[in-house]
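Each chain, letter by letter, is given below.
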Amino acid sequence: MTTAYQADYSRKWWVLLSIAMGIFLSTIDSSIVNIALPTLEESLGASFATVQWVVVAYLLVVTSLMLGIARLGDMIGKKRIYQTGMVVFTIGSLLCGVAPSIGMLIAFRVLQGVGAVMMQALGMAIVTEAFPRTERGRALGIMGTVVSLGISIGPTLGGLILGSVGWRAIFLVNLPVGIVGLALVRRHVPDWRPPRGQRFDAPGAVLLLLTLLALSFGLTFGPEQGWDSAPILAALIGAAVGMSIFLWVESRLDQPMVDLTLFRDPLFSISLLTGFLVFMVIAGMFVLPFYLERVKGYDPRQTGLFLTVVPAALVLTAPIAGALSDRYGSRGISLIGLTVAVGACLGASTLDEHTSTLGYIVRLLPVGLGAGLFQSPNNSAIMGAAPRERLGVASGLLSLSRTFGQVTGLPLIGAVFASRVYAVTSLSPGLDASEAPPWAIVEGVQAAFLAGAALIAFGVVLAAIAFRMDQRRRMVRASEVIGPATR
């Protein structure tokens, strides 16, 4: 244990590997279970409405506890919380794998989610501390790849495990990775403890927990129950009121849950917002399996392989983009990535019934390339803007922008998809839009990608503003350095 921070970069790659293992597990488990829901419904004798909570419970826990855990990391030390999270997550995975009923499985998913949020909230902060500033973009680029790969490859890997071994293996496969990751964390991650005397903002933590729970609940079940239903309206209004009270409370505390002064820097705020927009679009790509199976006629295994096009491109691009941002700055690289992503979404909006395998790859590959070019530099910009004593909260905000992007993007893009299908067919609104004729599903998928292009185009505008602001700041700093030297 160290109480005074001393930079030691000799174990930086071991730290990266240690953290990457936990982050990969925690992110992949947010999506790997989705493909097993029909099997769980049959095997455990549960209704579909009940079995959905296997996914929803995990996401609600991760989203609602993110910033509270991040603040604790800044107060008592990141390693302690992170390795506790690995233990809790691994035990939760074991219990999920042997759960005898749907109720027990949901309860153990809550436990698994608690472990996951302890890792997700602090992983980026630990990696940021482990690397010198000149290599931060490259390191965070690799971490961004791990996060996106975990989210994107979950359904594919889940399908392979489900078809080969059974649903319990989806959880039990986490055990060896969790045990090895925990051993690496204990050995290689420095145990730096912040100065004592900090206070935990309990009122802010409770307000934020209730607010995020209400918002996540409303966004998750709004499409199913109807946005005008009483429970959904109550949840969304409650979230708006709760957030207003939370901001009022936080602005009056010396040691708040979230340091609102971070948002005084518009570059920090823009980076979080653009990241949120990109993950909305990535989550909205859940429409692709409907196109691949219902329109093109591929079986689930082939569909899983086609779905790896985007994460594969992202994996190849993100580390390179991170290294480029170390050399040339993050703003320009992330702006290029967003521009590529807009063009890619417009290209993907031309998918139709006659698109060939090569045509599909050519259209979807740039989506991953653009996301990879954007994400690593953007993560580096966010973490680089935060002071060291607030790295935990910055890491939590970064992860929260990702999870809220997923929670928001899925119902939004899904609503665009369904609305277009209903508009071009005579389907009753009570029927599932995915049961429409192939040509109508094509219309829905095209509309979904056009909506994605519009969201990212807004991100391009924001990124261009941020790029210009960053250039001006650099010019001012340069003139301040040159000015005294010439006098």
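Details of the structure are given in the entry above.
Attention here is on the structure that accompanies the text. (Residues numbered from 1 in each chain as written. Predicted model: local features only at pLDDT ≥ 70, side-chain atom pairs only at ≥ 80, totals over all residues. Heavy atoms only, no water.)

## Digging into the overall build of the protein
Counted only if it meets this: Helix and strand definitions here come from DSSP, where helices need a minimum of 4 consecutive H or I residues and strands a minimum of 2 consecutive E residues; each element is numbered from the N-terminal end. The globule rule used here is 2.2 Å times the number of residues to the 0.38 power, and the radius of gyration it is set against is calculated over C-alpha atoms. Pairs of residues are marked as contacts when any of their non-hydrogen atoms sit within 4.5 Å. Where accessible areas are quoted, they stem from the Shrake-Rupley method and a 1.4 Å probe; at the residue level, only the protein chains shown are allowed to cover. For the charge count, each Lys or Arg is scored as positive and each Asp or Glu as negative, with His and the chain ends excluded. We put the charge of a Lys on NZ, of an Arg on CZ, of an Asp on CG and of a Glu on CD.
Of regular secondary structure, the protein possesses 19 helices and zero strands. The C-alpha atoms of the protein give a radius of gyration of 22 Å, which matches the 23 Å a tight globule of 487 residues would have. Along the longest, intermediate and shortest principal axes, the C-alpha atoms of the protein span 75 × 50 × 45 Å. Partitioning the intrachain contacts of the protein with sequence separation of at least 6 by distance along the chain shows that 82% fall at a separation of at least 24. Put simply, the protein shows about 20,400 Å² of open surface, and 67% of that area lies on carbon and sulfur atoms. Between the centroid of the 34 positive side chains of the protein and the centroid of its 26 negative side chains there is a distance of 12 Å.

## Brief notes about the nonpolar core
Cut-off, in case you're wondering: Working definition of a nonpolar core: buried Ala, Val, Leu, Ile, Met, Phe, Trp, Tyr and Cys residues. They are joined through side-chain atoms within 4.5 Å. Type-normalised accessible area, obtained with a 1.4 Å probe on protein chains alone, sets the label of each residue: buried when under 20%, exposed when over 50%, and partly exposed for intermediate values.
Counting 58 residues, the largest nonpolar core has Ile 19, Tyr 82, Val 127, Met 143 and Met 383 as its most contacted members. Ranked by the residues each element gives to this core, the list is headed by helix 6 (residues 102-130), at eleven residues. Beyond its immediate stretch of four places on either side in the chain, Met 143 contacts Leu 16, Ile 19, Ala 20, Ile 23, Met 124 and Val 127. The next biggest cluster of nonpolar side chains, apart from the first, holds 46 residues, and it includes Val 278, Val 281, Val 309 and Ala 436.

## Considerations on the pattern of salt bridges
The test is simple: Here, a salt bridge means any Lys or Arg side-chain nitrogen found within 4 Å of an Asp or Glu carboxyl oxygen.
In the structure shown here, the tally under the stated rule is three salt bridges. A salt bridge links Glu 129 to Lys 78; the nearest nitrogen and oxygen atoms lie 3.2 Å apart. Highlighted residues: Glu 129 in helix 6 and Lys 78 in helix 5 (residues 78-97), separated in sequence by 51 residues. Both residues of the pair, Glu 129 and Lys 78, count as buried. Of the charged contacts, one joins Arg 420 and Glu 443 as a salt bridge, the two residues approaching to 2.9 Å between their closest N and O atoms. Within this pair, whereas Arg 420 is found in helix 18 (residues 391-424), its partner Glu 443 is found in helix 19 (residues 438-486), the two being separated by 23 residues in sequence. Residue Arg 420 is classed as partly exposed on the basis of its relative accessible area, which comes to 35%.

## Structural notes on empty space enclosed by the protein
Think of a ball as big as a water molecule: rolled over the atoms, this probe shows where empty space is left. Using the following cut-off: In this analysis a 1.4 Å probe is tested at points of a 1 Å grid over the protein atoms alone, and where it fits but cannot get out there is a cavity; an open set with protein on both sides within 12 Å along at least five of seven lines is a pocket; lining residues have an atom within 4 Å of a point. Grid points are joined across faces, edges and corners, and a volume is the space filled by probe spheres set on the points.
Evaluation of the coordinates by the stated rule reveals six cavities of 30 Å³ or more. Roughly 80 Å³ of internal volume is contained in the largest cavity. The wall of the largest cavity is formed by Met 124, Val 147, Gly 275, Phe 279, Phe 374, Gln 375, Asn 378, Asn 379, Leu 398, Ser 401 and Arg 402. Sorting the residues of the lining of the largest cavity by element identifies helix 12 (266-283), helix 17 (357-385) and helix 18 as the ones contributing at least two each.

## Remarks on the packing of helix 12 against helix 16 (residues 330-348)
Two measures define how a pair of helices packs: the angle their axes make with one another and the distance between the axes. For clarity, the cut-off: Axis angles are defined between N-to-C directions and span 0 to 180 degrees, where every axis is a line fitted to C-alpha atoms and, for a helix, only to the segment in contact. Between 65 and 115 degrees an angle is taken as roughly perpendicular, under 35 as roughly parallel, over 145 as roughly antiparallel, and anywhere else as oblique. What makes a crossing left-handed is the near helix being turned counterclockwise from the far one by less than a right angle; a clockwise turn instead makes it right-handed. Gly is placed with the polar residues, together with every amino acid not listed as nonpolar (Ala, Val, Leu, Ile, Met, Phe, Trp, Tyr, Cys and Pro) or charged (Asp, Glu, Lys and Arg).
Relative to each other, helix 12 and helix 16 sit at 25 degrees, their axes nearing to 12 Å. Comparing their axes, helix 16 and helix 12 come out roughly parallel. For helix 12 against helix 16, the interelement crossing comes out left-handed. On helix 16, the residues touching Leu 267, Ser 271, Thr 274, Val 278 and Val 281 of helix 12 are Arg 331, Leu 338 and Cys 345. Taken together, the residues of the contact of helix 12 with helix 16 break down into five nonpolar, two polar and one charged.

## Topic: the packing of aromatic side chains
As a reminder of what qualifies: By convention, a stacked pair of Phe, Tyr or Trp rings (six-membered ring in the case of Trp) has centres within 6.5 Å and planes under 30 degrees apart, an edge-to-face pair has planes over 60 apart, and any other such pair is tilted.
Evaluation of the coordinates by the stated rule reveals six aromatic pairs. The interplanar angle of 35 degrees and the centroid separation of 4.6 Å between the aromatic rings of Tyr 298 and Phe 306 together place this pair among those described as tilted. One exposure class covers both Tyr 298 and Phe 306, and it is buried.

## Here's the deal with the environment of Thr 303
Position of Thr 303 among the secondary structure elements: in helix 14 (residues 300-306). The exposure class of Thr 303 is buried, given its relative accessible area of 2%. With 157 residues separating them along the chain, Thr 303 and Val 460 place their C-alpha atoms 31 Å apart. For Thr 303, the residues in contact, after removing those within four places along its chain, are Pro 289, Leu 292, Glu 293 and Tyr 298.

## Thoughts on the side chain of Thr 317
The residue Thr 317 is located in helix 15 (residues 309-328) in this model. Beyond its immediate stretch of four places on either side in the chain, Thr 317 contacts Leu 369, Gly 372 and Leu 373.

## Brief notes about the environment of Thr 134
Counting through the fold element by element, Thr 134 comes out in the loop between helix 6 and helix 7 (136-164). C-alpha separation for the pair Thr 134 and Ser 325, spaced 191 residues apart in sequence, amounts to 9.4 Å.

## As for the environment of Ala 453
Considering the arrangement of structural elements, one finds Ala 453 in helix 19. Sequence-wise, Ala 453 and Val 342 are 111 residues apart; in three dimensions their C-alpha atoms are separated by 4.9 Å. What Ala 453 contacts, discounting residues up to four positions off in sequence, is Val 342, Cys 345 and Leu 346.

## Some points on helix 18
Rules: In this scheme, a helix's expected span is set at 1.5 Å multiplied by one less than its residue total. One axis is fitted to the seven residues ending at the residue and one to the seven starting there. The bend at that residue is the angle between these axes.
An ideal rise of 1.5 Å per residue puts 50 Å on 34 residues; helix 18 measures up with 49 Å between its terminal C-alpha atoms. Bending of helix 18 peaks at approximately 30 degrees at the position of Gly 409, with proline Pro 411 no more than four residues after it. Counted residue by residue, helix 18 has 25 buried out of 34 residues, so it is predominantly covered.

## A short note on the packing of helix 16 against helix 17
Relative to each other, helix 16 and helix 17 sit at 155 degrees, their axes nearing to 7 Å. The pairing of helix 16 with helix 17 is recorded here as roughly antiparallel in orientation. The handedness of the crossing between helix 16 and helix 17 is left-handed. Residues that form the contact of helix 16 with helix 17 fall into these classes: 15 nonpolar, six polar and two charged.

## With respect to a nonpolar patch on the surface
Rules: The residues that make up patches have over 30% relative accessible area and no salt bridge, and they are joined within 9 Å when like-charged or within 5 Å when they are Val, Leu, Ile, Met, Phe, Trp or Tyr.
Together, Ile 336, Val 340, Ile 361, Leu 365 and Leu 369 make up a nonpolar patch on the protein surface, roughly 340 Å² of accessible area in all. For the nonpolar patch, the secondary structure elements donating two or more residues are helix 16 and helix 17. The biggest single contributor to the nonpolar patch is helix 17, with three residues. Positionally, Ile 336 belongs in helix 16. Taking relative accessible area as the criterion, Ile 336 reaches 46% and is therefore assigned partly exposed.

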